[in-house]
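Listed below, chain by chain, are the residues.
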There are 2 protein chains.
Amino acid sequence: MSSTSRVDQSIYEDGDVLCHWDLPKKVKNKLKFPHEPERPNKQYIVRGECPFNAEPPLRQLVEEYITSKDVFFKRNHGPIPLIDENTHKVSVCGLVPKPFDLSMDAIKNNYSKLRILAALQCAGNRRNGLDKVKTVKGVIWGPGTIANSYWAGAPLREILIEAGLSPNGDGWMGKDFHIWMESYGPCEEDKVYGSSIPLETAMDPCKDVILAYEMNDEIMSRDHGFPVRMICPGIIGARSVKYLAKIEVREKESPAFYQQRDYKILPPEANDQNLEEYWDRCESIQEMNVQSVICTPSEQNPLTDSNIVKGYAISGGGRKIIRVEVSLDMGETWLIAKLHQEKTGHGYWSWCLWQVEVKSLKNVSKIICRAWDSSSNTQPCEPIWNYRGVMNNSWDIVQLMQNPKI
Amino acid sequence: MSSTSRVDQSIYEDGDVLCHWDLPKKVKNKLKFPHEPERPNKQYIVRGECPFNAEPPLRQLVEEYITSKDVFFKRNHGPIPLIDENTHKVSVCGLVPKPFDLSMDAIKNNYSKLRILAALQCAGNRRNGLDKVKTVKGVIWGPGTIANSYWAGAPLREILIEAGLSPNGDGWMGKDFHIWMESYGPCEEDKVYGSSIPLETAMDPCKDVILAYEMNDEIMSRDHGFPVRMICPGIIGARSVKYLAKIEVREKESPAFYQQRDYKILPPEANDQNLEEYWDRCESIQEMNVQSVICTPSEQNPLTDSNIVKGYAISGGGRKIIRVEVSLDMGETWLIAKLHQEKTGHGYWSWCLWQVEVKSLKNVSKIICRAWDSSSNTQPCEPIWNYRGVMNNSWDIVQLMQNPKI
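Because the structure is predicted, anything quoted here is derived from the model rather than measured.

Cut-offs and rules
- Residues numbered from 1 in each chain as written.
- Chains lettered and ligands numbered in written order.
- Predicted model: local features only at pLDDT ≥ 70, side-chain atom pairs only at ≥ 80, totals over all residues.
- Heavy atoms only, no water.
- Least-squares fit on C-alpha atoms with pLDDT ≥ 70 in both.
- Contact = heavy atoms within 4.5 Å.
- Buried area = accessible area lost by both parts, 1.4 Å probe.
- Salt bridge = Lys/Arg side-chain N within 4 Å of Asp/Glu carboxyl O.
- Polar contact = N/O pair within 3.5 Å; in protein donor to acceptor, adjacent residues only side chain to side chain.
- Helix = DSSP H or I, 4+ residues; strand = E, 2+ residues; numbered from the N terminus.
- Buried < 20%, exposed > 50% of the residue type's maximum accessible area, 1.4 Å probe, protein only.
- Pairing = 2+ DSSP bridges.
- Axes fitted to C-alpha atoms, helices over the stretch in contact; angles between N-to-C directions.
- Domains from an automatic or database assignment.
- Phe/Tyr/Trp six-rings, centres within 6.5 Å; stacked < 30°, edge-to-face > 60°.
- Lys NZ or Arg CZ within 6 Å of the ring centre and 35° of its normal.

(A) The relation of the copies chain A and chain B, seen in detail. Superposing chain A onto chain B requires a rotation of 180 degrees together with a translation of 0.0 Å along the rotation axis, leaving an RMSD of 0.0 Å. Given the turn and translation reported, the copies of this chain are related as if by a two-fold rotation axis. Proximity to the rotation axis, assessed at the C-alpha, singles out P380 of chain A in chain A; its C-alpha lies 2.4 Å from the axis. Comparing contact sets, 100% of the residues at the interface of chain A also lie at the interface in chain B, consistent with an isologous, same-surface contact.

(B) Spotlight on the interface of chain A and chain B. Facing 40 residues of chain A, the contacting portion of chain B comprises 40 residues. Summed over both partners, the interface of chain A with chain B buries about 3,300 Å², with 53% contributed by carbon and sulfur atoms. Where chain A touches chain B, the interface holds 2 salt bridges. Scanning the region where chain A abuts chain B turns up 14 residue pairs in polar contact (both at pLDDT 80 or more). Those elements that place two or more of their residues in the side of chain A that touches chain B are β15 (321-327) and β19 (366-373) of chain A.

(C) Region of the structure containing the environment of L130 of chain A. Residues and elements named next belong to chain A. Turning to its location among the elements, L130 is positioned in helix α3 (residues 127-133). Overall, L130 belongs to the buried group, its relative accessible area being 0%. Residues L130 and S394, 264 residues apart in the sequence, show an inter-C-alpha distance of 9.4 Å. If we skip the residues at most four places from it in the chain, L130 touches V136, P383, I384, W385, N386, G389, V390 and N392.

(D) Structural context of the sheet that holds strand β8 (residues 194-198) of chain B. Residues and elements named next belong to chain B. Reading across the sheet, the 5 strands line up as β4-β3-β12-β7-β8 and stay open at both edges, with mixed pairing between neighbours. Edge positions in the open sheet fall to β4 (100-103) and β8, since each of these has one partner strand only. Across the sheet, the axes of successive neighbouring strands diverge by a mean angle of 20 degrees, strand direction being ignored.

(E) Region of interest: the domain arrangement of chain A. Residues and elements named next belong to chain A. What the domain assignment reports for chain A is domain 1 (82-118 + 149-277) and domain 2 (291-399). A straight line from the C-alpha centre of domain 1 to that of domain 2 covers 30 Å. Listed per partner, the contact involves 22 residues of domain 1 and 15 residues of domain 2. At the junction of domain 1 with domain 2, the criterion picks out 1 salt bridge. Two residues, D262 and R388, come together in a salt bridge whose shortest N-O distance is 3.3 Å. The interface formed by domain 1 and domain 2 contains 8 residue pairs in polar contact (both at pLDDT 80 or more).

(F) How the structure looks around the sheet that holds strand β20 (residues 396-399) of chain A. Residue and element names in this part refer to chain A. The sheet built from 4 strands is open, its strands ordered β16-β15-β19-β20 with antiparallel pairing. The sheet is open, and its two borders are formed by β16 (335-336) and β20, each paired with just one other strand. Judged from the 4 bridges that link them, β19 and β20 form a sheet pairing that is antiparallel. Bridge pairing in β20 places I367 opposite V398.

(G) Region of interest: the environment of K74 of chain A. Residues and elements named next belong to chain A. Note on placement: K74 falls in the loop between α1 (58-61) and β3 (89-94). In this structure the C-alpha to C-alpha distance between K74 and R47, which are 27 residues apart in sequence, comes to 9.7 Å. Those residues in contact with K74 that lie beyond four places of it in its chain are R39, Y44, F52, N53, A54, K69, W141, D223 and H224. Side-chain polar atoms of K74 contact the side chain of Y44, separated by 3.2 Å. For K74, the side chain forms a polar contact with the main-chain oxygen of K69, separated by 2.8 Å.

(H) Quick peek at the packing of aromatic side chains. All names here are of chain A. Applying the stated criterion across every chain yields a total of 14 aromatic pairs over all chains. Ring geometry for Y312 against W351: centres 5.6 Å apart, planes inclined by 15 degrees, an arrangement best described as stacked. With Y312 in strand β14 (residues 308-314) and W351 in the loop between β17 (338-341) and β18 (352-357), this pair connects stretches of sequence that are 39 residues apart. Taken individually, Y312 and W351 each receive the classification buried, so the pair is uniform in this respect. Look at W334 and W395: their rings are 5.1 Å apart centre to centre, the planes differ by 85 degrees, and that puts the pair in the edge-to-face class. Note that W334 is positioned in the loop between β15 and β16 and W395 in the loop between β19 and β20, a separation of 61 residues in sequence. Side by side, W334 and W395 carry an identical accessibility label, which is buried. One aromatic cluster is present, formed by F72, F73 and W151 through successive ring pairs. Positioned over the ring face of W334 is R370, at 3.8 Å from the centre of the ring.

(I) Just the pattern of salt bridges, in detail. By the definition in use, this model includes 38 salt bridges over all chains. Residue R323 of chain A pairs with E325 of chain A through a salt bridge whose shortest N-O separation is 3.4 Å. With a shortest N-O distance of 3.5 Å, R319 of chain B and D373 of chain B are connected by a salt bridge. Linking R319 of chain B in the loop between β14 (308-314) and β15 (321-327) with D373 of chain B in strand β19 (residues 366-373), this pair joins segments that are 54 residues apart in sequence. Its relative accessible area of 5% is what places R319 of chain B among the buried residues. Here the salt bridges do not stand alone but share partners, grouping E36, R39, K74 and D223 of chain A into one network.

(J) Region of interest: unusual backbone geometry. The peptide bond linking G185 of chain A to P186 of chain A adopts the cis configuration, its omega dihedral lying at -5 degrees. Along the polypeptide, P186 of chain A turns up in the loop between β7 (178-183) and β8 (194-198). In this structure, the amide linkage connecting F226 of chain A to the following residue, P227 of chain A, adopts the cis form with an omega of 5 degrees. The phi angle at D208 of chain A is positive, at roughly 60 degrees, despite the residue not being glycine. Relative to the helices and strands, D208 of chain A resides in the loop between α5 (199-203) and β9 (210-215). At D217 of chain B, a residue that is not glycine, the phi angle is positive and equals roughly 65 degrees. Topologically, D217 of chain B is positioned in the loop between β9 (210-215) and β10 (218-219). Here D217 of chain B falls in the partly exposed class, since its relative accessible area comes to 44%.

Printed below as a string of structure tokens:
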């Protein structure tokens, strides 16, 4: 069974599309963007128009604990597809005893509806910090490609059990199987967007992986995956595949471009010349690392008479943020922030918003923050460069230009 | 049901023992040590005789991937109890529908036998690195309180299911319940050694928590928990309670001293004077953070004509070590080490031994290593001090004194 029949070939400019399993050959499709939705938020910092990639200003990002769709970052690898919900199908196939196609009606009515609060973060969040060290390959994001919303949908576990997988692990537990996911295409570097997560993650009732069709209790917006997307909590956003068209159980990771040739931390030695040596030797990123960012004041809004420092923090795998510390003296002493993090489902999938009251920001030239998660991991003090500029979680440092009037 | 009847009161010097729930009052028992086993390894670096606390030299530690009982570190909070396997019982009680007592015969014969390779690491491993920053409270361990052995025993999950907990989570999934564990006492700061882990961890078949009675395919040695101990893979050693006498389901964490007044990372501001303010505001440590150590050459054995640098690395929660890097130039450039890490059960519970061939160690004054785990977490470059000196995972730095003859 293949998803190719569902890819709208007409929106390619030419028909000469390589099979998306033909890796490592990179396919740069000439894409058309005829169906882009309206984006009313004029404050977005636009990093690319086609595909549309944009992040909100930090101040706007942390105004609310729940991020609305118009503040949520937009991360696309292709045009926003126009999908008819009434005819859309998700194939469930591969190494399952009973493969079948799922209509949207079945996804909505035949399974439990699980509603969880989960932060999605792009693996390229804060890529600009690594690009300052040395040029990196990727969209140069600031720290705004993270957002925290409610998602509701059908547990992937239930769907896989219907396809014949044993709920208690007989036949698959302990095996290194994976769930390949494919979007309704097309996209930039590949025929369709493909990615994978371990089968054990998908089947673990504590991991809360869902096929989501609602975001913040509304129909999923087109920019965020209408009519259905994966939500893989605690894992980088790249695995929460939008416009989901296929889920397939296989005995190895997805060979898709976005699993094999993107979203990996290559060692500092990897560069344009020797790149190919490293890809297959490096692991695909799954869970997020521990992260924190100062959102106000910011370098863009440094002139403040406020004495509140605010930001966000998050970790992967459902790990709770147990402490955020802020330093006004280059790491000599640290203030402990007040935290707010909610738990829905089985892990701390949502972000932590934090704030700390300081005596004064007068004469402070730099504000630093760092977070700790429930595995006692903390952030490295300096950025550690990698070719794709992913997973930058070094201490966040905001340089304040002092307003002489304060 | 209480375990007090099974505590051998006769080995207290006085009968005036406070209830071990009387926290935060610290009980310094006057203990006798009449039943200590033989410890044939004369190379141990002994950190305390009563209780016996000792770690092996690093060179000995990484000679084998599987650590034998005579190289395994010894971490005790009290005398080694003399327990009759034929009469020993483990109570299964608390919020379970069908409480019962388990004999050793039942533990060995009524459940599956799960055999896993798992590294245990004391949360105080490398405490000496933090003590150099500022005095810390605890046994001043070097980097040798880690070891990697086979453990075999009965899955805690199966025992809890027999006690009436639903295998699929009905009634407990998503609730913040905990498993309280108690040892056959006594110990230093409390009546018995008590600790806890989340119930979700205990019930998750992917977490491989067992009541172990074999170590490296032999009867558990007395120093390591005979006749039965918990093995909680991926979690600090302090939760793998030895001489297990009771497991109890409760709606909150164990109130025992070792859960509430030890094994927490207090913020740097906490000191002898203001300590009590911080204990209840800080989380108990569960999963280990990402860690790596250089074992040879060492500061104790710096004069080497070898050009191989070797060490260990580990992370918590079953997360794999995906890279170890070694620098000979103070972090300017990094060499990538060859890794060996085995997976048994459902996670990377065992340690990673690594080595890297360098051109020469001549004129090298410092060797540095750092590891990365499968959540993209890495180690902080400098030690971050905390009062109890726990969870030190800063970059390991070995200072070489050059042999002029090399």
